[in-house]
Amino acid sequence: MNTKVIRMDEGHIEEALLREAGEVLKRGGLVAFPTETVYGLGGDALNPDSSRRIYKAKGRPSDNPLIVHICRWEDIRQIVSGVTREAEKLAKAFWPGPLTMILPKSDRVPPETTGGLDTVAVRMPAHKVALKLIAYAGGFVAAPSANISGRPSPTLARYVEEDMGGRIDMVVDGGQVGIGLESTIIDMTVSPPQILRPGFITGQMLAQVLGEISEDDTILRDDGGQAPRAPGMKYRHYAPSGELTIVAGPADRVVEYINVQTAKAAAAGEKTGIIGTDEALSRYRADVVKSLGSRRDEESIARRLYRALREFDEEKVTRIYSESFQTEGFGQAIMNRLLKAAGHKVVNLEEEERK
Ligand code: TXA
Ligand code: MG
């Protein structure tokens, strides 16, 4: 299959091209598109064949449900049976935006889209290109992140082309995404509502609207066999090919420890990499040293994380060490993804000392 790539920024929307992309979706084809979080791999959410094609293109297990993207609040009533006051409040506060709600599904949503579940994940993205494309496609676009299953979600169209080129009909290139980590997922079918995947919309922001909320307790912990409640969170995700270890502790000790480890690994013939921040960058020694920005700028850290993981693959780095980040607020989403990428391999220097 020849994958057509079209370029389009939020500031310069070409209606004719987007209409064409919408037609491709209506006919059951697949179109990758930018959102404010990461690139999505879109298909018609109400067409079971489209959903099957999405799973195939991603190499994704078909028990892992898709998020249905909408562009108008009223449309939610067609795919959800029983929209609650709570859901409406969250939509008023955060849509369009990086929040996905799990709600009971209506009969219009085929089981192929929800991985056989009787609930459906719904989100209205805050991205003009995405919203228009969804409208042209008929209103309901199923879209997982546009990566091959297991790889970091794409934050640039180049990575979509790398993973999906030849497998899908079209890519809409909207440049670098804004947030860089996937949406927050909240399960509205339980009481109190439960966060299944942390994201830019934090627990604190959700609690301000809903009052009490809970969190899946595998968000920052190794699940140790316990299945997370969002089926997709159980897979070893976001992982670079190189072996990644997170190092936590006082800043100076972290730099020192990482430099000792990369020197050892280099001596053993490994190609070494470091994920650091601006504050310590000049002190690191490795084959490839990357900064995610200032430690004080979490939005920069989030936006650059997946790209850094992919670049280590491109550069064939075999051993990677990363700084650790605080887990309050948006930091919880950053550490959730980083811990998954590292398979929960963490060296805590303060604990090491006490031993
Ligand atoms: O930011 C995002 O959410 C991006 C962009 C493209 O919108 N999409 C995204 O989709 O991250 P995906 O498929 O990569 O992740 C969806 C997650 C998976 O972990 C899946 O298991 C979970 O949502 N999920 C979907 N439907 C669910 C349901 N009914 N119940 C529980 N978890 C669900
Ligand atoms: Mg994904």
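The structure this text deals with has already been given above.
K.L.:
How should I be thinking about the environment of Thr 37 in this particular structure?
P.N.:
For Thr 37, the position within the fold is in the loop between β2 (31–33) and β3 (40–44). On a C-alpha basis, the gap between Thr 37 and Thr 189 in space is 24 Å, while along the polypeptide they are 152 residues apart. Leaving out residues up to four positions away in the same chain, Thr 37 has contacts with Pro 98, Arg 123, Val 177, Ile 179, Gly 180, Leu 181, Glu 182 and Ser 183. At a separation of 2.9 Å, a polar atom in the side chain of Thr 37 contacts the side chain of Thr 35. There is a polar contact of 3.1 Å between the side chain of Thr 37 and the side chain of Arg 123.

K.L.:
Please clarify how the pairing of strand β15 (residues 319–323) should be interpreted in this entry.
P.N.:
Regular strands have side chains that alternate between both faces of the sheet. Of all five residues in β15, four are buried, a share of seventy percent or more. Of the pairings in the sheet, the one linking strand β12 (residues 243–248) to β15 comprises five bridges and is parallel in character. By the bridge assignment, Thr 245 is partnered in β15 with Tyr 321.

K.L.:
Help me understand helix α10 (residues 331–341) in this model?
P.N.:
Within an α-helix, residues lying three or four positions from one another point in the same direction, as the helix has 3.6 residues per turn. Of all 11 residues making up α10, 11 are buried, and the element is well covered by its neighbours. Turning to α10, its buried residues are Gly 331, Gln 332, Ala 333, Ile 334, Met 335, Asn 336, Arg 337, Leu 338, Leu 339, Lys 340 and Ala 341. For α10, the secondary structure elements touched by its buried residues are β10 (194–197), β11 (214–215), β12, α9 (298–314), β15 and β16 (346–348). Phi turns positive one or two residues past the end of α10, at Gly 343, with a value near 55 degrees.

K.L.:
For this particular structure, what's the right way to read the layout of surface pockets?
P.N.:
By rolling a water-sized probe across the atoms, one finds the places where empty space is left. There is about 630 Å³ of room inside the largest pocket. Arg 60, Pro 65, Ile 67, Ile 185 and Arg 197 are the residues nearest the centre of the largest pocket, which is lined by 42 residues in total. Looking at the lining of the largest pocket, the elements with two or more residues in it are β4 (67–69), β6 (119–123), β9 (184–187) and β10. Sorting elements by how many residues they give to the lining of the largest pocket places β6 first, with four residues. Split into classes, the residues belonging to the lining of the largest pocket amount to 19 nonpolar, 16 polar and seven charged.

K.L.:
Hey, could you run me through α9 in this one?
P.N.:
Taking 1.5 Å of rise per residue, the 17 residues of α9 would be expected to cover 24 Å, and the 25 Å separating its terminal C-alpha atoms lies within 8% of that figure. At Leu 305, α9 is bent by approximately 35 degrees, the largest bend along its length. Residues of α9 that are buried include every one of Ser 300, Ile 301, Ala 302, Leu 305, Tyr 306, Ala 308, Leu 309, Arg 310, Glu 311, Phe 312 and Asp 313, and no others. For α9, the secondary structure elements touched by its buried residues are α6 (157–164), β12, β13 (272–276), β14 (288–291), β15 and α10. Phi turns positive one or two residues past the end of α9, at Lys 316, with a value near 55 degrees.

K.L.:
Can you help me understand the sheet that holds β4 in this one?
P.N.:
Within a sheet, neighbouring strands are paired by backbone hydrogen bonds and run either parallel or antiparallel to one another. Read from one edge to the other, the open sheet built from 11 strands follows the order β1-β8-β2-β3-β7-β4-β6-β5-β9-β10-β11, with strand pairing classed as mixed. Each of the sheet's edge strands pairs with one partner strand only, and the pair in question is β1 (4–7) and β11. Sheet analysis places strand β5 (residues 99–104) next to β9, joined by four bridges and oriented parallel. Looking at the pairing, Met 101 lines up with Ile 186 of β9. Helix-sheet contacts for α6 involve β1, β2, β3 and β8 (170–173), and the interaxial angle to β8 is about 165 degrees.

K.L.:
Would you take a moment to explain the pattern of salt bridges for this structure?
P.N.:
Between side chains of opposite charge, a pair can form as their charged atoms come close. For the coordinates displayed, the defined rule picks out 25 salt bridges. Note that Asp 163 and Arg 310 form a salt bridge whose closest N and O atoms lie 2.9 Å from each other. Within this pair, whereas Asp 163 is found in helix α6, its partner Arg 310 is found in helix α9, the two being separated by 147 residues in sequence. Across this residue pair, the class does not change: Asp 163 and Arg 310 are buried. Residue Arg 307 is joined to Glu 311 by a salt bridge in which the shortest nitrogen-to-oxygen separation is 3.1 Å. With a gap of four residues between them, Arg 307 and Glu 311 both fall in helix α9, about one helical turn apart. Each of the salt bridges in this network shares a partner with another, and the network as a whole consists of Arg 151, Glu 162, Asp 163, Arg 310 and Asp 313.

Scoring rules and cut-offs
Residues numbered from 1 in each chain as written. Chains lettered and ligands numbered in written order. Predicted model: local features only at pLDDT ≥ 70, side-chain atom pairs only at ≥ 80, totals over all residues. Heavy atoms only, no water. Helix = DSSP H or I, 4+ residues; strand = E, 2+ residues; numbered from the N terminus. Contact = heavy atoms within 4.5 Å. Polar contact = N/O pair within 3.5 Å; in protein donor to acceptor, adjacent residues only side chain to side chain. Buried < 20%, exposed > 50% of the residue type's maximum accessible area, 1.4 Å probe, protein only. Pairing = 2+ DSSP bridges. 1 Å grid on protein atoms, 1.4 Å probe; cavity = no way out; pocket = protein on both sides within 12 Å on 5 of 7 lines; lining within 4 Å. Points joined across faces, edges and corners; volume = space filled by probe spheres on them. Nonpolar A, V, L, I, M, F, W, Y, C, P; charged D, E, K, R; others polar. Expected span 1.5 Å × (residues − 1). Bend = angle between axes of the 7 residues up to and from the residue. Axes fitted to C-alpha atoms, helices over the stretch in contact; angles between N-to-C directions. Salt bridge = Lys/Arg side-chain N within 4 Å of Asp/Glu carboxyl O.

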